[in-house]
Amino acid sequence: MGNGIGGQTPFLAVLQFIELILPSWATQKIILFSVFLISGIAAHISAPSRSVYGKYFSGTLYAVNPFIYTRFLAGHFYILLAYAFVPLAIRSFSDFLNDRTKWKRPLLWNTVVSIFDMHVLLLVLFIQLCIFIFAIADEKEERKNIIRSNIHLGLVYLAVNTFWILPVFWSVSQGSSILSQISAHDLSAFTASGTISGNILLSLVMMYGFWRGGYDYPFYFAPKWLFVLLFTGILYFAVHGFLSNTKKPLHKGLVLSAIISLILACGISYPYFAPTFEYLFDHFFIFKGMRDSQKFVGVLVLAYSFLGSLGVDEIFKSFKLNDRIKLVPENKQKILSVAWAFLIIALPLAYSFTIFNGFHGQVEPKDYPTEWYEVNDFLNNDSEDFDVLFFPWHLYMTFDWSDRRIANPANIFFDKPTMIGENAEVGYIQTQSSNPTQHYMGYLLEHKNEINNVGELLAPLNVKYIILAKDVDYQQYDFLYDQSDLKLVMENDELVVFKNLHETSRVREVNSLIEIKDWAELVELSKTIDINDHGYLVKSADAEYIEMDLSNASAKELNYTPVSPFKYNLHDSAEYVLFTSPDHDQNGWALDDGKSLDSAGLTSIFATSKDPAGDSDIYYKPFKAHIIGAVTSLLMVVIILLWGYRKTTLKL
């Protein structure tokens, strides 16, 4: 479940500004280091501990633990950036329940979390709900005021966050949300695993249980009993801290949320808890976003961190009250305090020591090969508006230079719009993409040995170049060398580049539409006609526009100007306009006020007037939702700032 387009816009805008000052490699390192730095500082200043020792324990444990270790190796950086601000969001909400004038801080930190990741926002709201329940249960006289204040805070939060909420709701209403593609297969593919001796529950309690394997864990290099002992110390601090401080809603809410999170973190792996997870998955649409059930372990980490800080306080307090401490000279007490501080910090560090030394050699700086830069320069020398297709067709793969399995970076690296496979290939899941183009490519690859005109079949996608990386199963793509309409134009030690000999264009006109029922029919047609002279509709759709007389069929490139990635100005008249979006997702595009016909999905098809007056615009309709949401959010922020300034002025 993503934020939707625009959800991370504030963060990306900040990145763009920083990269004007610093090189991208420096920015990346700052972001990676920030995950640990912000996590530690946020937990340190937010922990309920009254002593500096408890705060140091909280910050160290929250920044260095198995949860952050595995998520870092998996490349879930947006999750970790959101995770880093969770302590601030939880503590500020707890303070707000005690003093309802402090509503700006939970508003701010919840918004920051939502910018980075929706999964973590759900966890934050869940923890806050648990704290809220105990607050209204304990404060009977203030119950109505607490409820009223939280409703007001919720409404303000919705208004401030309209910039991402409105686009997400639009996406869900159109059925284009990733949530609609998640099925029961995801439950088995992304459920928690028994990292420690195959024991699911023990693994999760000890902050492990990530579904993906292949990582080097600390207990691979030392006896497991030692790490069980270290964790017992962490757990003891947390339990002791809560039992000594059971009155506050924050503490009780953390325990309740931790217990429920442990149950949900099991996913369907633990037979006693599986029915609960399956019920939520089947009956609550938004819960499908938590298919990776181990994310709930993040709640356990926060509980251990916050409650553990209280445990450290209690133990240190007992030392100070012990009469025997008086036998220690005053100058030696400082040494004892330093030793105690060292021990409480060393405990979480020793428990997750593989985070250090480059995650025990699993993380090291890597740059793309020079051959990739050579190909990027070659593509940039072509000034036309075209797209690139990247093979091998995998979302996750191991490159010779990466040394490990990573998300395919081609669509990020190359400056030209580059299409990669969205096939996750996890368990029984091949792909969850709803994009017809992805399924079209899957069909072509499945029947590659029966095709010798790949260039023609890719021309509707505006694919002018094909890049083949010499990695993984690249030998399976030897059929590219045998195509009659592809030309090898560049090759180096890493990549091979083919050029499509057919004309490509992002916007073109046709005067003939053909109905097809599947990709096989389109491939068969390509053997007798030039498929790029026609537009293609799904069977039995928009019959009033179909012209089956193919004798006069023709196509031509139209004169257009890219105004932005979301708008193209069309200067020519046309009968039927075919448009290929840069991301090959045709949902949401419109020509002026005209709706796209029910096309086969490779292109958007628009029926226009025979003699349109003036220019036309092809635009992305959801972009309006982003603009409206952004303006609403900005206005709300301005109102809040002006209100705060007015109150300050009145006080002065």
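Worth saying up front: this structure is predicted, and the values here are computed from it rather than measured. (Residues numbered from 1 in each chain as written. Predicted model: local features only at pLDDT ≥ 70, side-chain atom pairs only at ≥ 80, totals over all residues. Heavy atoms only, no water.)

Asker: Tell me what's going on with the overall build of the protein, and back it up with residues and numbers.
Answerer: Tallying secondary structure elements over the protein gives 24 helices and 18 strands in all. Residues classed as buried in the protein amount to 52% of the 652 residues present. When contacts within the protein are restricted to residue pairs at least 6 apart in sequence, long-range pairs at least 24 apart make up 72% of them. (Helix = DSSP H or I, 4+ residues; strand = E, 2+ residues; numbered from the N terminus. Buried < 20%, exposed > 50% of the residue type's maximum accessible area, 1.4 Å probe, protein only. Contact = heavy atoms within 4.5 Å.)

Asker: Which residues make up the packing of aromatic side chains, and what are the values?
Answerer: One pass over the structure, following the stated rule, counts 54 aromatic pairs. For the pair Y477 and F479, a centre-to-centre distance of 6.3 Å together with 35° between the ring planes defines the contact as tilted. Like F479, Y477 is buried. Taken together, Y69, Y208, Y217, F219, Y220, F231, Y304 and Y351 form an aromatic cluster joined through their ring pairs. When the ring centre of Y396 is taken as origin, the NZ or CZ atom of R212, which lies over that ring, is 5.7 Å away. (Phe/Tyr/Trp six-rings, centres within 6.5 Å; stacked < 30°, edge-to-face > 60°. Lys NZ or Arg CZ within 6 Å of the ring centre and 35° of its normal.)

Asker: Outline the pattern of salt bridges, supporting the account with residue identities and numerical values.
Answerer: Counting across every chain of the model gives 13 salt bridges. Measuring nitrogen to oxygen at the nearest pair gives 2.6 Å for the salt bridge that ties R71 to D292. You can see R71 sitting in helix α4 (residues 66-73) and its partner D292 sitting in the loop between α15 (274-283) and α16 (297-321), a full 221 residues away along the chain. Among the residues examined, R71 registers a relative accessible area of 0% and is labelled buried. Taking the shortest distance from any N to any O, the salt bridge between R91 and D95 comes out at 3.3 Å. Of the two residues, R91 and D95 both sit in helix α6 (residues 86-98), 4 residues apart, roughly one turn of that helix. (Salt bridge = Lys/Arg side-chain N within 4 Å of Asp/Glu carboxyl O.)

Asker: So what about the side chain of T504? Which residues, and what values?
Answerer: As for its placement among the helices and strands, T504 is situated in the loop between β7 (495-500) and β8 (507-510). If sequence neighbours within four positions are ignored, T504 has contacts with A459, N462, V463 and K464.

Asker: Lay out the layout of surface pockets in plain terms, naming residues and giving numbers.
Answerer: Of the voids in this model, the second largest pocket is the one considered here, and its volume is about 580 Å³. As for the second largest pocket, its lining consists of 26 residues, of which P48, R50, N245, K248 and H251 are closest to the centre. For the lining of the second largest pocket, the secondary-structure elements that each account for two or more residues are α6, α8 (118-138), α14 (249-265) and α16. Residue contributions to the lining of the second largest pocket peak at 5 residues, all from α6. Per-class residue counts for the lining of the second largest pocket are 8 nonpolar, 6 polar and 12 charged. (1 Å grid on protein atoms, 1.4 Å probe; cavity = no way out; pocket = protein on both sides within 12 Å on 5 of 7 lines; lining within 4 Å. Points joined across faces, edges and corners; volume = space filled by probe spheres on them. Nonpolar A, V, L, I, M, F, W, Y, C, P; charged D, E, K, R; others polar.)

Asker: Describe helix α21 (residues 436-446), with residues and values.
Answerer: Since one α-helical turn is 3.6 residues long, residues separated by three or four positions face the same way. For α21, the full list of buried residues reads T437, Q438, Y440, M441, Y443, L444 and L445. Lining the buried residues of α21 we find β1 (387-391), β4 (418-419), α22 (454-458) and α23 (519-525). Measuring from the backbone nitrogen of T437 back to the side-chain oxygen at the start of α21 gives 3.0 Å, which picks out N435 as the cap. (Polar contact = N/O pair within 3.5 Å; in protein donor to acceptor, adjacent residues only side chain to side chain.)

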